[in-house]
Amino acid sequence: KSRQFPFRFFSAYEVLGGLEKLAREGVPAREQKSTRTVKDRIALARAEKMAKKVQKIDLTIIERYRRALDTAVKIATTHNVKPIPGATLLLCNASSETKRPCTSARGLGKPRTILEVGLLLGLMCKFSCESCEFRVFGADGKHMGVVLEDGTILDNMESVLKLIEAKKLSEGSGILPIKFLNDHLQNRTVIDNLLVLDAAPAGDFLADFASKYRRLVNPNLLFVNVNLSGSKCSVSNKSPSQHANDVHIVGYSDQILRFIAERGSGQLVHVENIDLAYKLKEVKLSVLGSRQTPTIPSLGETNAQQSLRPRWRAARIFISSTFKDFHGERDLLTRYVFPELRSRARQHFIHVYEVDLRWGVTEKEMNNRKGVEVCLSEVSRCDFFVGMLGERYGWCPDEYNVPNDPDFDWVRDYPKGRSITELEIYHAALADPGQCLSRAFFYFRDGAFLSHVSGDVKNSFHVENAESESKMKSLKEKIRTSGMEVFENYPCQWGGVLDGKPMVRGLEEFGNRVLNNLWNAILKKFPDEDIGEDEQSEEARRHSAFAEHAAKSFTGRKKVLKEAQATIEQVESGVIALVGKPGSGKTSLMSAIMHEYGSSSACSSHLLLLSHFVGVSPGSANISHALRRICFELKRRFDVEDRVPDEHREILMALPEFLTKATQNVGVANKIVVFIDGLDGLDAAHRAKTLEWIPDPLPKGVIFVVSLLDGDQCYRALLRRHQENNLITVASLDMFDKADIVRQSLACHRKSLDESPFNNQLKLLLSKKDASSPLFLALACEELRVFGVYEKVSEKLKSMPSSLAGLLQEVLNRFETDFGRDLVAAALHLLVCSRNGLTEIEMKSLLDLHSRGMDPKLSPLDSRFSDIFSSSTRNVVAQANFSRLIRSLQCFLQSTAGSRDGLMVIAHSDVINAVKKRYIKSALKEEEEAMFHHLLAAYFYNEADPTRDMSFSGLNRRACSELAYHLTCAGAWEDLEKIVCSLRYIQVKCQLGLGLQLGEDFLAGSGKEGSRKKSKGRDKFLENSIVREYQSFVTRNSHVISSYSSLVTQQAINEPRSSVVCKAAEKMMQQTETPLLAWENKPETTHPCQMTIGGNSKPVLCLAVSPDGRLLAFGCQDCTVRLCETNTGKEVKTFVGHSHAIASCTFAGSSRLWSASLDGALCLWDVQEGHRISASLAHKRRIGACASDPSGNVVVSVGWDGALFAWNGKDGSAVGELKESRPINCVDFHPEGQYVVTGSWDSKLRIWDTLNQKRVKTLRGHECSVRTVAYSPSGIHIASASLDGQIKLWHSKAGFQVGCVRGHVSPVNTICFTKSGHMITGSDDRLLKVWSGYLGKPEYVVRGINAHGGVRALA
């Protein structure tokens, strides 16, 4: 298999020709001279020696050598000249100006003329092309076609030279066949490659022709002009055209054909830009490698505005005052100030949350051991403080009952006999006035109104006694001199008694002052900001704070801690995994490892440690969000200059580069360690649990430390990695570790268990069945902490359940005792029914709504909810009681590192099971769950649409994301129809970046189990004609409106006039004045397209549908294979592993997917797990296609190397191999599975028996390369299409042609059959045609499939 280029053999042909001449004619006799010089004698001796050698020459041996050379030329051609795909037009100048020597042609035997070199190149190109029209032109524009004959290329060249002389093409100057080219342009003849071999540079006509042809016929035309008159080969910079596909070459090189082949197939372009595709060099990513956005008509800035993704923040305001005398002020704040604040803040994406612990709680009720603790704890958690003081000093607790925590040490030292109001003021402001100047505000009431108050009511405003009067004066004086803002003597009037409460009125000045103070303070603390590095820095602090807190509470497991630290120090790069069971303490251990390693001498700086704890912050469970955050940290800490991408696929490609550049900046002596905790908690989006987002291999100097569950999907994925992994098992706690955990947990609250020999309470606890679980010990210590009778601790320990499930039930029972069964059940039930957890603000509002006894028959969209959600009806659940409940539930929840706007999510499945067992009755399970989903839907609708007019003016991203889900779960089908069939709802979701979620909204949870009644309602909803019209509109336009929300109305107005979508848009246009483009002569029938899947940065080249019809796979030019749900278009997986564009893909059953790329790689993927099972490079050239038998057991691949390989469809092992002489384009399996049909460049179809591995039939009839083949569903017929656009139908068993149809003016790229037997074809003419099966009659034509290119694939 010679590596020599074919032209190199021509010198050997010349030698053989000379030897044959010598053998036949002998050595010429030399002239006899009387005197001979030394030179003559030497020449004579050489001649005599040559004559003796000639006598030994055997002509048969020369002939054998010539045949061997012929074979070598063919072999070298196959191995060195890559196939040139598509239709090629080759023009070669044969005029008199080409008869001069080609000075750049060397190694071709004797010196060659420009004409000979041009013909050699042309003949070789014709041999290598899929389809080639070769014409030589000469004087007066004469031209003739060239056809390959039997024999060598030299023989063909000699024949063509004789024809040229006979046609007199070489007489005079060459003129291009202009009429011939113009006919091709006028007839729209398909040309993919135009190659001109000339003795001069290309003129203006060729450049103009190429430009017109691209504009009218083929925008991807490759035009190559080779000027063979140059003295050496080079690429000319003097190009009359700047088009990327115009190539001008000067001189000759034997690499010209290789260049044309690679450029024509796109491989050269791919190689030239591989650094851009994979970010191997520092380039401007905004220009190259970024997502392509469609060109939008100039409709104003609103249309160009892409999706908004606001970040909501929470501002908590604590209200402090005495109890009896401030009903009027609190009522004003509740009715006017806070609603106005919320309305203003909503425009800046800020939640305002007031905390008033006096609401609904009497002074007597505050006099308990929890009152002071609850008040001061809430003060600590608030951002702002409003203090209102009159004459009364307020209730003074007899003693300050606070926990033995360091945070409350100041309370125990504070003077006794002070009111709880003074304690709140001191804790919020007076303890450190300098830090509270812009967050604490005080308002002193003018007491002049008291002259109008009489009777017992006056006692509610007067100071209690002289001592209290003195304390109040002292408190006010401290506030006045603190430097904080005080509104002294704000005016008011006596308002009488209302509903048993003494009230003041005339508080307008007071209300305006509070409103302005708080609004200015909120704007200062929460300035408007774009999502970017500020948010990333804030989130990084959350994760760092959480790690620090968890590390402080860690104890025991010193052996595992040392093992992990030693492993980090020893390995240069790789993954270290902490593997354990749920609740085994992996998170605390991870934090401790991070702290210990960061404090050791092996780590030179804490900046080298990056952490990410799943569940700590909103969005932290999304892998795309997590990786983007890590990239931001690398950029910020290590001066990486690259831009952090937004798209997930771009992030995957950028992460290795970010890590590599970071390691280069920190030096070889340092390691970057990335800690990621809780991989089992990652969302399923982007196949996060396959761990393919971890670069394999990791750059040198980079270590990933991860924690995961033993035996779960992440664990199995980690074991499949090619790079060595270091697994550290987090086993059950030993006796010493358990004891340390209990001691430290109780010591935080200044408590301990007796360990004396005769009353060993610690041993009693550690002997419990599930005491080896850190979760069990944490709950047990919490139970002991709240148990108030020390003398009965031993009895408490003895009665404590031994199992985790039993302990959870006991904890729930305590919660019910403290807060009431209804409140606890409602709170936990809401958390279980929520999709992604709830914030504190959401939980409080929902519990208030639930406590009012909402009618389950009342529609969540009913206007009567306006009164329910109004500010005057808030706080049905007392704030003090709610705060204590949330504090108690923390032991069940996933930590959010103290984030007030974070989501409360139940952390362990054991807790969820306990809640369901206790509160959800199996007989009424669906009804109870529907009721709470009903409640959640009502709340989220109010947040999304506070005006309740379907305007969705709340612009609440979370509410819009959750609303349709809860309406579906509640079975509120009529309300769901109103929501999803609203153009405003669709527009707002797209504006908030939720456009791709719209498809799921219309599915109404189809595929989920439910009662017969619910299933019936779902079916009725899905069959609703209005719903189906809106669903069709969304799925067809999602690729546009998801990026440009302002185009929703425009796309809707251009639907058929009779459609409900168009009518809704017309009605919407009457209410607004939004500029848009209206399609005046639009079709009045709905477009047959059911769904458009966008988001692809490069063209889609192949398609495959899973046997069960649930999944659609498509391969792209960006080297990826994507998997989407057929009913929603939602992307579920992306397979990354090819280094070239994907040529073909096929499902082998529903659990396996095969993909083939243009570089000859064939990959097998696991559909469920998302990992690659095998990869093969058996094909030496690009793969044309792959296909699977119906059972998925056998897969066949064919390629341009002429090979047909059979593979085991499940494990990827090779089964057999067959060969052809010419490249193979396509393959399809017989429905029964034994036979396959292939289509080749030699215009023939071949049927193969894969079981016996032999060829069965050869079908002839096409005139050029066969592009696509397909068996009919019955297997009786075969359909094939060729490069010239012809479609032929064959009888598969008899092997004869039964029909021939023409319906496309361009090459047909793909054919498939429907289950009903209809044939569908797709072509470069951008048409998709439906035919009546084997009859070949056109039934339907779909136009406008692709505005940027032909139809490449069908499935």
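All figures in this text were calculated on a predicted structure; none of them were measured in a lab. (Residues numbered from 1 in each chain as written. Predicted model: local features only at pLDDT ≥ 70, side-chain atom pairs only at ≥ 80, totals over all residues. Heavy atoms only, no water.)

Engineer: Help me understand the overall build of the protein, please; the structure alone is not making it clear to me.
Structural biologist: Summing up its helical and strand segments, the protein has 43 helices and 45 strands in all. In the protein, buried positions account for 54% of the 1355 residues. Contacts in the protein between residues far apart in sequence, at least 24 positions, make up 66% of those at least 6 positions apart. Approximately 60,900 Å² of the protein is accessible, and the part contributed by carbon and sulfur atoms is 49%. (Helix = DSSP H or I, 4+ residues; strand = E, 2+ residues; numbered from the N terminus. Buried < 20%, exposed > 50% of the residue type's maximum accessible area, 1.4 Å probe, protein only. Contact = heavy atoms within 4.5 Å. Areas by Shrake-Rupley, 256 points an atom, 1.4 Å probe, with all protein chains shown as cover.)

Engineer: Explain the sheet that holds strand β41 (residues 1297–1302) here, please?
Structural biologist: If you walk across this open sheet you meet the 4 strands as β38-β39-β40-β41, and the pairing is antiparallel. Since the sheet does not close on itself, it has two edges, and those belong to β38 (1266–1271) and β41, each with one partner. Each neighbouring strand pair of the sheet contributes to a mean axis angle of 20°, computed without reference to strand direction. Two strands pair when backbone bridges link them, and β38 and strand β39 (residues 1277–1282) are joined in this way by 5 bridges, in the antiparallel orientation. Its bridge partner being in β39, T1268 is matched across the sheet by A1281. (Pairing = 2+ DSSP bridges. Axes fitted to C-alpha atoms, helices over the stretch in contact; angles between N-to-C directions.)

Engineer: In this structure, what is going on with unusual backbone geometry? I would like to understand it.
Structural biologist: Residues other than glycine predominantly adopt negative phi, and peptide bonds predominantly adopt the trans conformation. Although it is not a glycine, D639 sits at a positive phi angle of roughly 55°. For D639, the location among the structural elements is in the loop between α22 (623–638) and α23 (648–666). Phi is positive for L691, close to 65°, though the residue is something other than glycine. Take L691: its relative accessible area is 2%, and that puts it in the buried class.

Engineer: I keep staring at the pattern of salt bridges and nothing clicks. Help me out?
Structural biologist: Where charged atoms of side chains with opposite charge meet at close range, the side chains can pair. Following the criterion strictly, the structure yields 41 salt bridges and no others. One salt bridge connects K661 with E657, and the closest N-O pair in it is separated by 3.8 Å. Within this pair, K661 and its partner E657 are both found in helix α23, separated by 4 residues, close to a single helical turn. Side by side, K661 and E657 carry an identical accessibility label, which is buried. Linking K796 and E810 is a salt bridge whose minimum nitrogen-to-oxygen distance equals 3.2 Å. Linking K796 in helix α28 (residues 793–799) with E810 in helix α29 (residues 804–819), this pair joins segments that are 14 residues apart in sequence. (Salt bridge = Lys/Arg side-chain N within 4 Å of Asp/Glu carboxyl O.)

Engineer: Honestly, the pairing of strand β16 (residues 609–613) in this entry has me stumped. Any pointers?
Structural biologist: Where a strand is regular, its side chains alternate between the two sheet faces. The buried fraction of β16 amounts to 5 of the 5 residues, a majority that puts the element mostly inside the structure. Residues L609, S611 and F613 point to one face of β16 and L610 and H612 to the other, with burial holding for every one of them. Bridge count for β16 against strand β17 (residues 672–677) is 5 bridges, and the pairing is parallel. When the sheet's bridge partners are listed, L610 is paired in β17 with V674.

Engineer: Is there a simple way to explain the packing of α29 against helix α34 (residues 909–919) in this structure?
Structural biologist: In a pair of packed helices, the angle between the axes and the distance between the axes together describe the arrangement. Put simply, α29 and α34 touch, their axes get as near as 10 Å, and they point 60° apart. One element, α29, and the other, α34, form an angle in the oblique class. Once α29 is placed against α34, the crossing between them reads as right-handed. Between α29, through L804, L808, Q809, L812, N813 and E816, and α34, the contact on the second element is made entirely by D910, V911, A914, K917, R918 and Y919. A class-by-class count of the residues in the contact of α29 with α34 yields 6 nonpolar, 2 polar and 4 charged. (Parallel < 35°, antiparallel > 145°, perpendicular 65-115°, else oblique. Left-handed = near helix turned anticlockwise from the far one by under 90°. Nonpolar A, V, L, I, M, F, W, Y, C, P; charged D, E, K, R; others polar.)

Engineer: Which parts of the structure should I look at to understand helix α17 (residues 466–480)?
Structural biologist: Given 3.6 residues per turn, any residue in an α-helix points the same way as the ones three and four places further on. Between its terminal C-alpha atoms α17 stretches 21 Å, which fits the 21 Å expected from 15 residues at 1.5 Å a residue. The complete set of buried residues in α17 reads S468, K471, M472, L475, K476 and I479. Looking straight down α17, one finds its buried side chains confined to an arc of 135°; they lie on one side. Exposed residues lying more than 90 degrees from the buried face of α17 are A466, E467 and K473. The secondary structure elements touched by the buried residues of α17 are β10 (384–389), α16 (420–430), β11 (440–445) and β12 (485–490). Looking at where α17 begins, the residue whose side-chain oxygen comes 3.2 Å from the main-chain nitrogen of E467 is N465. (Expected span 1.5 Å × (residues − 1). Arc of directions from axis to C-beta. Polar contact = N/O pair within 3.5 Å; in protein donor to acceptor, adjacent residues only side chain to side chain.)

Engineer: What exactly am I supposed to notice about the pairing of β38 here?
Structural biologist: Of all 6 residues in β38, 5 are buried, a share of seventy percent or more. The hairpin turn running from β38 into β39, its antiparallel successor, is 5 residues long, and G1275 in that turn takes a positive phi close to 85°.

Engineer: I'm lost on the nonpolar core in this one. Help?
Structural biologist: Grouped burial of nonpolar side chains is what soluble globular proteins tend to show. Ranked by internal contacts, the top residues of the largest apolar core, which has 100 residues, are M843, L847, F892 and L983. Contacts of F892, omitting those with residues within four sequence positions, involve L779, L808, V811, L812, F815, L828, V905, I906, A907 and V911. Counting 42 residues, the second largest nonpolar core, distinct from the first, contains L608, F638, A662 and V666. (Core = buried A, V, L, I, M, F, W, Y, C linked by side-chain atoms within 4.5 Å.)

Engineer: Just checking my understanding: could you explain the environment of A521 for this structure?
Structural biologist: By the element assignment, A521 lies in helix α18 (residues 508–525). For the pair A521 and D383, spaced 138 residues apart in sequence, the C-alpha to C-alpha distance is 9.7 Å. Those residues in contact with A521, other than ones at most four positions away along the chain, are F384, S438 and F441.

Engineer: Hey, could you run me through the sheet that holds strand β28 (residues 1162–1166) in this one?
Structural biologist: Note: strands within a sheet are paired through backbone hydrogen bonds, in either parallel or antiparallel orientation. Pairing is antiparallel in the open sheet, where 4 strands are placed in the order β26-β27-β28-β29. Taken across any chain shown, the strands that pair with only one partner, and hence form the sheet edges, are β26 (1142–1147) and β29 (1172–1176). In this sheet, neighbouring strand axes are inclined to one another by 15° on average, regardless of whether the strands run parallel or antiparallel. Relative to strand β27 (residues 1152–1157), β26 runs antiparallel, the two being bridged by 5 bridges.

Engineer: How should I be thinking about the side chain of S1042 in this particular structure?
Structural biologist: Its place among the elements puts S1042 in the loop between α41 (1025–1041) and α42 (1048–1053). At a separation of 2.5 Å, a polar atom in the side chain of S1042 contacts the main-chain carbonyl oxygen of S1038.

Engineer: What is the right way to read the confidence of the model for the protein from this model?
Structural biologist: Parts of the model with low pLDDT should not have their predicted coordinates read in detail. Per-residue confidence for the protein averages 81 on the pLDDT scale, and 85% of its residues sit at or above 70. A low-confidence stretch, residues 359–365 (pLDDT under 50), is modelled with 13 contacts involving residues beyond four sequence positions or located in other chains. Here residues 896–900 is modelled with pLDDT under 50, and outside its nearest four sequence neighbours on either side it reaches 11 contacts, counting other chains as well. (pLDDT = per-residue confidence, 0-100.)

Engineer: What is the right way to look at the packing of aromatic side chains in this model?
Structural biologist: What characterises a pair of aromatic rings is the spacing of the ring centres plus the angle enclosed by the ring planes. Counted by the stated rule, this structure contains 21 aromatic pairs. Taken together, a centroid distance of 5.9 Å and an interplanar angle of 90° make the contact between W410 and Y414 edge-to-face. Judged by relative accessible area, Y414 falls into the buried class, the value being 10%. Considering the side-chain rings of F461 and W494, the 5.9 Å spacing of their centres and the 90° angle between planes classify their relative orientation as edge-to-face. Taken together, the positions of F461 in the loop between β11 and α17 and W494 in strand β13 (residues 493–498) put the pair 33 residues apart, joining distant regions of the chain. (Phe/Tyr/Trp six-rings, centres within 6.5 Å; stacked < 30°, edge-to-face > 60°.)

Engineer: How should I be thinking about the packing of helix α30 (residues 821–833) against helix α33 (residues 879–889) in this particular structure?
Structural biologist: Between α30 and α33, the least distance of the axes is 12 Å, while the angle of their chain directions is 55°. Between α30 and α33, the angle is such that the two are oblique. In the crossing of α30 with α33, the sense of the turn from one axis to the other is right-handed. Residues L823, V824, A827 and L828 of α30 lie in contact with α33, whose contacting residues are N881, L885 and L889. Per-class residue counts for the contact of α30 with α33 are 6 nonpolar, 1 polar and no charged.

Engineer: I would appreciate a short explanation of α33 in the present structure.
Structural biologist: By the criterion of burial, α33 is predominantly enclosed, with 8 of the 11 residues buried. Within the span of α33, buried status applies to Q879, A880, F882, S883, L885, I886, S888 and L889. The elements touched by buried residues of α33 are β9 (350–355), α14 (371–381), α29, α30 and α31 (840–851).

Engineer: Would you mind going over the environment of G1216 with me for this structure?
Structural biologist: One can find G1216 in strand β33 (residues 1214–1219). Given the relative accessible area of 15%, G1216 is considered buried. Each residue touching G1216, except ones within four places of it in the same chain, is listed here: L1204, F1205, A1206 and Q1253.

Engineer: How should I be thinking about the environment of E509 in this particular structure?
Structural biologist: Relative to the elements of secondary structure, E509 occurs in helix α18. According to the relative accessible area criterion, E509 is partly exposed, its value standing at 46%. Distance from E509 to P491, taken between C-alpha atoms, is 7.4 Å for residues 18 residues apart in sequence.

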